[in-house]
Structure formats: C-alpha cells, structure tokens
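If you want the building blocks of each chain, they are given just below.
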Amino acid sequence: MSDLVLSLRAVEKTYLTGDVEFQALRGVDLDVRAGEMLALMGPSGSGKTTLMQIIGLLDRPTEGTYLLGGRDVTDLTENERAEARNREIGFVFQAFHLLPRLDLLENVEVPLTYAGIPAYERRERALEMLDRVGLASKARNLPSQISGGQKQRVAVARALAGRPRLLLADEPTGNLDTRTSEEIMALFTELNGEGTTVVIVTHEPDIAEYTRRVVRVRDGLVESDTTHTPRAGVRT
Ligand SMILES: Nc1ncnc2c1ncn2[C@@H]1O[C@H](COP(=O)(O)OP(=O)(O)O)[C@@H](O)[C@H]1O
Ligand SMILES: [Mg+2]
C-alpha cells in the first residue's frame, strides 16, 4: 500500500496555437506523499500553472502517466475527471474567484452543491469551514465587504469543504500584502498539520520558506527537488 497522493511520470504537455506547437512540460517526474506540503517554484513561463492544471485534473498530459491516490487518471474522460476532481482536490487561486453576488456561506457551499451534498449538510459543513478559517461571524457578508486576506480565507474554506485529500494553490498570496500572506501561509501550515496534503505554486522565496520541500521547475522540467528546515516556528 503506497502513501503516494500523486505520482507523475515523464509528463509532457504540448500546446497547439494555430499550427504552432509549444512544449510547456518536457518530461516531469514528481511524487508527492500523503501529508506533505511543498512549494513549486520557477520563473514565469516555466510551466508551473500547466503542471498544477494537470495535477488538478483541469487538463491532461500529452504524454506520460498520472496516478492520483494510486489510481491511473491519465486517460479518464472529461466526466470522470470532473468527478475525481470534485472528490479529491481543492483549489485556491491568486484572484480568489469568489462569486460576488453570493454571501460567504453560499460561496463555500458552491462545490458541495456540485458534489450533490444535501442542503442541510452543505450549510453545516460550510459553516464549519468558515469557522475553521476564522470567518463564521461574517457568513452573511458579501465578498465586497471583506478584505483580500479574508477573501483568500473564504477561498481556502471553499477548497476544503469537500474534504479533498489534496489542496492545490496557484500563487495564493500573489494579491496579498506581506502580513496577510504570512497569515495565509500559517493557515496552510495548520491545515497541513491536520493531515491535508498541500502543493503551493509560488515565485516568492519568502513563501517557499514555509515548506520543507521545494521543487523548482525550469523550461518545463524539474530542475531541483530539495528539502530544508522551514522558517522558524513553522512546522510542515
Ligand atoms: N493554453 C495555452 N496555449 C498555448 N501556450 C500556453 C498555454 N498555457 C500556457 N502556455 C505556455 O506554456 C508556457 C508555460 O506556461 P505556464 O504553465 O502558465 O507557466 P508559469 O505558470 O510557470 O508562468 C508558457 O510559455 C506559456 O506561454
Ligand atoms: Mg502560472
């Protein structure tokens, strides 16, 4: 029995624009074990988002294989991918992506609605998650009524409401000031301490200091994969 949450082998991704091909990933191998928290770093255009989209089952590799929780998900149909994504993966994005007309509670409920969870249970779980990120008292506020850091907390609550085994965050602190970024990283660290596997894309070295493992991507390849002692007071 393997405790690998995800395993990529020789993953390539070629985009076709008109009749011009561009190889964004050129043979990526990556294993992530249950309970890890890692930063995926690399310069702009190196393939980080492409890799996250493949890991998050939003896109599929052109070549190579992908095992998620030991299951080969390389060749799933669109519907099977959506289903696995709902069940296994939570996403946090740089731009929060909250729905402006829904209050915070309703925003957190959205993925649970897609997952077919009954209304009373949705409400209960969404409130529990808002409470978990310290925003239960604002459940009935609209996104426009809270700060950027609070919006990102709501996005984290929404990502976790479906109890995914894997939390993916693409530049989650890209729109936040330093102090708020630190708060969000502390939240990820806590959630990781509670057992969630966390993969964070960032180009900010300060953010990568929070994770024990740092994987660097360059020109569509893993350039280095190192572990170090995370920033003092932070446990991953
Ligand atoms: N949908 C797409 N079609 C064509 N090229 C793309 C597409 N998405 C990304 N690319 C190209 O692939 C490379 C890697 O992009 P990306 O994964 O977004 O990098 P990063 O997140 O590290 O900045 C870039 O050169 C980008 O222009
Ligand atoms: Mg990117």
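You'll find the structure just up there.
Residues numbered from 1 in each chain as written. Chains lettered and ligands numbered in written order. Predicted model: local features only at pLDDT ≥ 70, side-chain atom pairs only at ≥ 80, totals over all residues. Heavy atoms only, no water.

(A) Structural view of the sheet that holds strand β5 (residues 71-72). Reading across the sheet, the four strands line up as β2-β1-β4-β5 and stay open at both edges, with antiparallel pairing between neighbours. In the strand order of this sheet, the two ends are held by β2 (20-33) and β5, each with one partner. As defined by bridge partners, strand β1 (residues 4-17) adjoins strand β4 (residues 63-68) across five bridges and the pair is classed as antiparallel. By the bridge assignment, Leu6 is partnered in β4 with Leu68. Helix α1 (residues 48-55) rests against β1, β2 and β4 of the sheet, and its axis sits at about 120° to β1. (Pairing = 2+ DSSP bridges. Helix = DSSP H or I, 4+ residues; strand = E, 2+ residues; numbered from the N terminus. Contact = heavy atoms within 4.5 Å. Axes fitted to C-alpha atoms, helices over the stretch in contact; angles between N-to-C directions.)

(B) Structural detail: the site of ligand 1. By nearness alone, every residue bordering ligand 1 is listed as Tyr15, Thr17, Phe22, Ala24, Pro43, Ser44, Gly45, Ser46, Gly47, Lys48, Thr49 and Thr50. Between an oxygen atom of ligand 1 and a main-chain N or O atom of Gly47, the distance comes to 3.1 Å. At 2.6 Å from an oxygen atom of ligand 1 is found a side-chain nitrogen or oxygen belonging to Thr50. Expressed as a share of its isolated accessible area of 560 Å², the protein-covered part of ligand 1 is 62%. (Near = heavy atom within 4 Å. Polar contact = N/O pair within 3.5 Å; in protein donor to acceptor, adjacent residues only side chain to side chain. Areas by Shrake-Rupley, 256 points an atom, 1.4 Å probe, with all protein chains shown as cover.)

(C) Structural context of the environment of Ala24. Examined against the element boundaries, Ala24 turns out to sit in strand β2. Taking relative accessible area as the criterion, Ala24 reaches 7% and is therefore assigned buried. As for Ala24 and Gln145, which are separated by 121 residues in sequence, their C-alpha atoms are 39 Å apart. For Ala24, the residues in contact, after removing those within four places along its chain, are Lys13, Tyr15, Ser46, Gly47, Thr50 and Gly220. (Buried < 20%, exposed > 50% of the residue type's maximum accessible area, 1.4 Å probe, protein only.)

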